[in-house]
Amino acid sequence: MTGKTAAGGTCTCAAFGAMGIIGVYVALALAPLALAAIVAPQGNGLAAELGGGLALAGYAMLLMQFLLTGRFRTIGGRVGIDVILRLHQIAARILTVMLLLHPFIYWPSLARMMATPAFASGIVAWLLLVLLMAMALLRPHLAIAYEYWRASHGALAVLIALAGLHHALAVGSLSAAPALRWFWIALAALALYTLLHSYLVRPWLQLRDPWRIAEVRTLGPARWLVALEPENRALAFDAGQFAWLKVEPHPFTLRENPFSIVSAPGARRVEFLIREAGDFTSTIGALVPGTRAWLDGPHGAFTLAAAGGAKRIVMLAGGVGLAPCLSMLRAAAAAGDRRAYHLIFGNRCEDQIVPKDAIAALVPVLDLKIDYVLSEPPAGWTGAIGQMTPETLLPLLSSGDIAETVFYLCGPPPMVTASLRALAALGVPPAHIVTERFDYD
Ligand SMILES: Cc1cc2nc3c(=O)[nH]c(=O)nc-3n(C[C@H](O)[C@H](O)[C@H](O)COP(=O)(O)OP(=O)(O)OC[C@H]3O[C@@H](n4cnc5c(N)ncnc54)[C@H](O)[C@@H]3O)c2cc1C
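Just so you know, these numbers come straight off a predicted model, no measurement behind them.

1. A few points about the pairing of strand β6 (residues 292-299)
Then step 1. Where burial is concerned, most of β6 is hidden: seven out of the eight residues are buried.
Then step 2. Pairing of strand β1 (residues 211-220) with β6, which is carried by two bridges, proceeds in the antiparallel orientation. Opposite Trp-211, over in β6, you have Ala-293 as the bridge partner.
Then step 3. Here strand β3 (residues 242-246) pairs with β6 via four bridges, running antiparallel. Looking at the pairing, Phe-242 lines up with His-299 of β6.

Written out as structure tokens, the structure reads:
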């Protein structure tokens with residue numbers, strides 16, 4: 001994330017990073033096909049070749065889902081969480097269609113194959129994949145706590161990967177070649193290791209760096225400032241990044257939530273701006289200073305590096321989507337950045353504009369224009385009125401040279417999507433837009 005943006009005259013590293021990751025992904029998905037073409041026996045007929053091809057590429061994609069979501073900074077630090085999650089979701093749909101379809105390619109022999117005991121693992125993997133996708137697509141309608149849903153999502157994925165591995169090795173005719181067998185064993189081992197790394201190795205490493213809750217302060221309706229201090233090492237991060245917070249006696253827990261850091265880098269104390277949204281966040285007000293906590297971070301690429309050489313930076317923040325923007329503005333102020341900044345901050349009502357004093361404190365030290373947008377303004381409100389939609393945003397965005405500007409969008413998914421429509425109407429190229437949706441589905 002060090003190069004200039006298109007606004008600065010060259011391309012964004014995020015765009016390159018995304019293309020690079022998609023390139024590696026496609027190469028790995030096609031690797032078993034290439035291997036099969038080289039080493040596997042030929043002449044099984046078109047249907048067998050097609051069915052085998054779908055299964056090989058689909059299974060490789062399934063194993064790569066583990067690597068994609070393994071919170072590796074080499075991936076997330078390049079492209080950001082938004083790109084990773086979109087890739088994960090799109091790949092999941094494509095691989096599901098490929099894997100669910102592939103048995104039907106063998107249609108005339110399907111009944112006979114299914115009756116063969118060696119195919120049992122394939123049938124189990126197929127059924128579990130249907131269940132996993134149904135639970136993923138229906139998650140907003142399922143009455144399951146997010147932590148349990150996430151644990152079941154991971155457990156189902158592991159079972160499918162293992163049953164799929166057995167199926168590939170037991171009956172996959174193309175996988176009979178030793179080179180392919182070893183390819184599957186290596187990729188499956190790597191995939192399963194990423195889970196071990198996430199849930200055992202990384203928490204074990206976190207044991208060296210405990211944190212304590214230092215302060216919990218209410219900022220407005222259902223909005224809190226939570227400050228943490230390290231017992232040992234401070235967290236080195238770039239303004240705009242986020243961390244997974246665990247408030248538990250030990251870090252071996254599934255109860256962790258991602259929050260953007262609202263404070264600027266450089267201090268030992270790390271602060272979060274948290275809105276009450278559900279199970280965990282509604283207990284924030286009851287957190288007692290001194291309580292043990294753990295941070296997994298920093299993560300994400302929603303940072304000023306993505307703006308490269310842009311002369312002007314516009315930030316569109318919805319609600320607590322302000323957090324990473326405020327961190328970046330604070331860092332820019334601390335660095336004496338002379339570029340033009342424009343913050344457009346949308347909320348429902350005026351007392352949600354928090355922390356207003358911290359935003360105001362930046363005006364004397366930055367070239368900063370601020371527009372507050374309210375959908376339910378009080379009487380006498382002189383700022384913009386409405387949701388963060390094209391109708392509201394276009395009049396605020398009309399000034400300034402688009403070619404020299406990079407836009408940062410952060411907040412709930414509907415706000416980001418509506419803001420993207422406004423930027424599309426303005427003709428802003430995608431390479432000038434950096435997004436972070438406060439959503440991890
Ligand atoms: C990159 C990123 C940065 C974020 N930064 C902030 C921030 O600065 N301030 C803020 O208030 N909110 C932030 N959020 C949103 C915040 O993570 C969720 O509101 C919070 O996790 C909800 O947890 P809950 O248990 O209170 O609510 P729940 O009712 O359990 O969940 C509400 C929704 O939050 C998401 N969610 C819940 N638990 C988790 C979890 N363990 N991991 C991931 N997502 C979860 C799910 O989409 C879920 O549907 C951020 C989200 C992301 C992805």
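Now that the structure has been shown, we can carry on.
2. Observations regarding the sheet that holds strand β8 (residues 340-347)
Then step 1. Taking strand neighbours across the sheet as the criterion, the six strands line up as β10-β9-β8-β7-β11-β12 in an open arrangement whose pairing is parallel. In this open sheet, the two edge strands, each paired with only one partner strand, are β10 (384-385) and β12 (433-437).
Then step 2. Two elements, strand β11 (residues 405-411) and β12, share five bridges in a ladder whose sense is parallel. Counterpart to Leu-409 in the pairing with β12 is Thr-435.

3. Quick notes on helix α5 (residues 120-137)
Then step 1. Along its 18 residues, α5 runs 26 Å from first to last C-alpha, staying within 8% of the 26 Å computed at 1.5 Å per residue.
Then step 2. Every buried residue of α5 is accounted for by Gly-122, Ala-125, Leu-129 and Leu-132. Looking straight down α5, one finds its buried side chains confined to an arc of 85°; they lie on one side. Seen from the buried face of α5, the exposed residues on the opposite side, beyond 90 degrees, are Leu-127, Val-130 and Ala-134.

4. Here's the deal with the confidence of the model for the protein
Then step 1. Taken over all residues, the pLDDT of the protein has a mean of 90, while the share at 70 or more is 93%.
Then step 2. Contacts from residues 1-12, a stretch scored under 50 in pLDDT, to residues over four places away or in other chains number 45 contacts.

5. Regarding the domain arrangement of the protein
Then step 1. Looking at the protein, the domain boundaries give domain 1 (6-205), domain 2 (211-299) and domain 3 (305-437).
Then step 2. Facing 19 residues of domain 2, the contacting portion of domain 3 comprises 16 residues.
Then step 3. Counting residues per element, the side of domain 2 that touches domain 3 draws most heavily on strand β5 (residues 270-275), at four residues.
Then step 4. Tallied by class, the residues present in the side of domain 2 that touches domain 3 amount to twelve nonpolar, four polar and three charged.

6. Things to note about the environment of Glu-49
Then step 1. Relative to the assigned elements, Glu-49 resides in helix α2 (residues 46-68).
Then step 2. For Glu-49, a count of 19 C-beta atoms within 10 Å translates into the label partly exposed.
Then step 3. The spatial distance from the C-alpha of Glu-49 to the C-alpha of Tyr-106 is 10.0 Å, given a sequence separation of 57 residues.

7. A word on unusual backbone geometry
Then step 1. Here the amide bond leading from Gly-297 into Pro-298 is cis, since omega sits at 0°, within 30 degrees of zero.
Then step 2. As for its position among the elements, Pro-298 is in strand β6.
Then step 3. A cis amide bond links Val-354 with the next residue in sequence, Pro-355, at an omega value of -10°.
Then step 4. Assignment of secondary structure puts Pro-355 in the loop between β8 and α9 (356-360).

8. Considerations on the packing of α5 against helix α6 (residues 146-170)
Then step 1. Across the interface, α5 lies against α6 with an axial gap of 8 Å and an inter-helix angle of 155°. The angle between α5 and α6 places the two elements in the roughly antiparallel class. For the crossing formed where α5 meets α6, the hand is left-handed. Across from Ser-121, Gly-122, Val-124, Ala-125, Leu-128, Leu-129, Leu-131, Leu-132, Met-135 and Ala-136 in α5, the residues of α6 making contact are Ser-152, His-153, Leu-156, Ala-157, Leu-159, Ile-160, Ala-163, Gly-164, His-166, His-167 and Ala-170.
Then step 2. A per-class count over the contact of α5 with α6 returns 14 nonpolar, seven polar and no charged.

Calculation rules
Residues numbered from 1 in each chain as written. Predicted model: local features only at pLDDT ≥ 70, side-chain atom pairs only at ≥ 80, totals over all residues. Buried ≥ 20, exposed ≤ 12 C-beta atoms within 10 Å, placed from the backbone. Helix = DSSP H or I, 4+ residues; strand = E, 2+ residues; numbered from the N terminus. Pairing = 2+ DSSP bridges. Expected span 1.5 Å × (residues − 1). Arc of directions from axis to C-beta. pLDDT = per-residue confidence, 0-100. Contact = placed C-beta atoms within 7 Å. Domains from an automatic or database assignment. Nonpolar A, V, L, I, M, F, W, Y, C, P; charged D, E, K, R; others polar. Axes fitted to C-alpha atoms, helices over the stretch in contact; angles between N-to-C directions. Parallel < 35°, antiparallel > 145°, perpendicular 65-115°, else oblique. Left-handed = near helix turned anticlockwise from the far one by under 90°.

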